Amino acid sequence: MVGAGINGLSTAWGLARRGFEVAVFDQGAIPNPVSSSFDEHRATRHAYGEMHRYARMMPAAFATYEQMWVDIGRSHYDPVGLVVFQREDDSWINASLADMDEMGIGWREIEVTAVPELYPMIAPEGLTRAVAMEGAGVLFPSRIVTDLVVHLSLKGVAFHANTKIAAIDPETASLTTADGKQHQGDYIVIAAGAWATRLVPELATEATPSRQAVIFVAPPVELATQWQVAPVFFDLGKDSGTYTLPPRPGTRLKIGDHEFTRRGDPDGSRIADDGDVERLMKAASLSYAGFERYSVLERKACFYTVTDDERFIARPIGPKASLLSACSGHGFKLGALMGDLMAKGIAQGEPFVH
Ligand SMILES: Cc1cc2nc3c(=O)[nH]c(=O)nc-3n(C[C@H](O)[C@H](O)[C@H](O)COP(=O)(O)OP(=O)(O)OC[C@H]3O[C@@H](n4cnc5c(N)ncnc54)[C@H](O)[C@@H]3O)c2cc1C
C-alpha cells in the first residue's frame with residue numbers, strides 16, 4: 001500500500017480483515033500530519049446535490065464506518081446534523097432532498113424568519129431558504145487514522161514510515177524507494193493523495209493537485225455557547241459559500257470553502273498566507289453575523305486532487321497494481337467504503353473500478 005491516508009489505511013483494513021498480509025508505505029510519519037486525512041474534523045452527509053451517485057453510496061459509507069468503529073473499539077462520528085442555507089436560486093437542496101427521500105433520510109424546512117432566533121451566528125441578509133438535514137455530522141479524521149494504525153498493527157500490518165516510493169512496477173508488484181531499495185509484493189495499491197500524479201503520471205490528465213485553505217476561529221463570547229451545540233453549516237451563496245464544522249470536544253470551530261485553486265505543490269507549506277484565505281475570509285464575513293469579532297486561531301493550507309466532475313478514480317493500472325484517488329474535497333466520508341471495495345476487488349481477483 002502506498003499512502004497511509006484514509007484511502008490507503010482503509011484498503012489495508014479491508015485486506016487485513018480478509019486475511020491478507022499487508023505493508024503500508026508513507027513518505028512521512030504514519031499517520032502523516034500533512035496528508036489530507038489528518039485534520040480535526042470532516043463533514044459527512046447523505047445530501048450531495050446533483051452528485052446522485054455519491055448520495056446513493058452514503059448508506060454503505062456510513063455502514064462501513066460503523067464496522068470500522070467496531071474493529072477499532074470506538075466511534076469517531078458525532079451526528080450533529082447539517083443545516084444548509086441558500087441565498088440565491090440553487091438546485092442543490094432540492095436535488096439532495098430527492099435522494100434523501102428515496103433513502104429515507106429525514107429533513108425539515110426552517111422558516112427564514114426563524115433563523116436569527118435558532119442560529120444567531122448566521123448573517124440573515126439575503127437568506128432565501130434554510131433546511132435542516134439528518135444523516136449528517138462530524139467525523140474526526142486524525143483520531144480515525146490514528147486508531148486505524150494502532151488496530152492494524154494488532155492485525156500484523158507492517159508500516160514503513162518516512163519511506164518515499166519513487167517508482168512502482170504494476171507488472172510485477174515491486175516498489176522502489178527513493179533511496180533505491182526494492183520491495184516485492186503480490187499487489188500494489190497507490191493511494192497517494194495529492195502526490196498521486198507523481199507516481200501515476202497519466203493521472204495528471206484527469207486529476208490536479210489543489211491547494212486549499214481553512215481557518216480555525218474563536219467566536220465572540222456571546223455566541224460561544226450556541227456554537228457548542230451547532231450542527232454543520234453549509235452556505236450555498238455565490239459569494240458567501242462556506243462549509244463550517246462546529247467546535248466539538250477536542251476540536252475548534254473551522255470554516256472552509258469548496259473553491260478549487262487547482263494549483264500548488266503538495267510538498268509546499270501548510271501555513272496559509274493572505275492570498276490563500278482572501279476569498280474565504282470575505283465569504284465568512286457574508287455567512288456569519290459580526291464575523292469581524294471572531295479571532296482567527298490558525299490559517300491552514302491543505303492539499304487534495306481535483307477532477308473536473310469531482311468523481312473519484314479507482315482502477316487497475318496493470319496486472320498487479322491499482323490506483324485509488326478518491327478526493328475532490330469530498331473523499332473522507334467515503335474513504336472506509338472505497339478502501340473496503342478496493343480490498344474486496346483484490347480478494348476476488350476482480351480489481352475495483354469506479
Ligand atoms: C481542507 C480540506 C477539507 C476537506 N473536507 C472534507 C469533508 O468535510 N468531508 C469529506 O468527506 N472529505 C473532505 N476532504 C477530503 C478528504 O480529506 C480527502 O478526500 C481524503 O483525506 C483523501 O485521503 P487519501 O488517503 O486519498 O489521501 P491523503 O490523506 O493525502 O494520503 C495520501 C498519503 O500518501 C502519501 N504519499 C504520497 N506519495 C507518496 C510516495 N511517493 N511514497 C510514499 N507515500 C506517499 C502521503 O504522504 C500521504 O500521507 C477535505 C480535504 C481537505 C484538504
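Heads up: these notes are all about the structure in this document.

Where helix H2 (residues 52–72) meets helix H9 (residues 332–348), the closest approach of the two axes is 8 Å, and the angle between their N-to-C directions is 75°. The orientation of H2 with respect to H9, classified from their angle, is roughly perpendicular. Between H2 and H9, the residues in contact are Tyr54, Met57, Met58, Ala60, Ala61, Thr64, Tyr65 and Met68 and Phe332, Lys333, Leu334, Gly335, Ala336, Leu337, Met338 and Asp340, respectively. Residue composition of the contact of H2 with H9, grouped by class: twelve nonpolar, two polar and two charged.

With that settled, consider the sheet that holds strand S4 (residues 82–86). The strand order S5-S6-S4-S14-S15-S16-S13-S17 describes an open sheet built from eight strands, whose pairing is mixed. The open sheet has two edge strands, strand S5 (107–110) and strand S17 (295–307), and neither has a second partner. Between one strand axis and the next, the sheet turns by 20° as a mean value, whatever way the strands run. On top of the sheet, helix H3 (residues 92–103) reaches S4, S5, strand S6 (129–133) and strand S14 (232–235); it is set at about 25° to S6, its chief contact.

A general feature of soluble globular proteins is that nonpolar side chains tend to end up buried together. In terms of nonpolar packing, the biggest core is built from 66 residues, with Tyr65, Met133, Leu334 and Met338 touching the most fellow members. Broken down by element, the residue count for this core peaks at ten residues, all from H2. Sequence-distant contacts of Tyr65, that is, excluding residues within four places in its chain, are made with Ile6, Leu139, Ile144, Phe332, Lys333, Gly335 and Ala336. Met121, Leu223, Val277 and Leu280 belong to the second largest nonpolar core, which has 27 residues in total.

Definitions and limits used
Residues numbered from 1 in each chain as written. Predicted model: local features only at pLDDT ≥ 70, side-chain atom pairs only at ≥ 80, totals over all residues. Heavy atoms only, no water. Axes fitted to C-alpha atoms, helices over the stretch in contact; angles between N-to-C directions. Helix = DSSP H or I, 4+ residues; strand = E, 2+ residues; numbered from the N terminus. Parallel < 35°, antiparallel > 145°, perpendicular 65-115°, else oblique. Contact = heavy atoms within 4.5 Å. Nonpolar A, V, L, I, M, F, W, Y, C, P; charged D, E, K, R; others polar. Pairing = 2+ DSSP bridges. Core = buried A, V, L, I, M, F, W, Y, C linked by side-chain atoms within 4.5 Å. Buried < 20%, exposed > 50% of the residue type's maximum accessible area, 1.4 Å probe, protein only.

Fair warning: the whole summary comes from geometry, so function is off the table for now.
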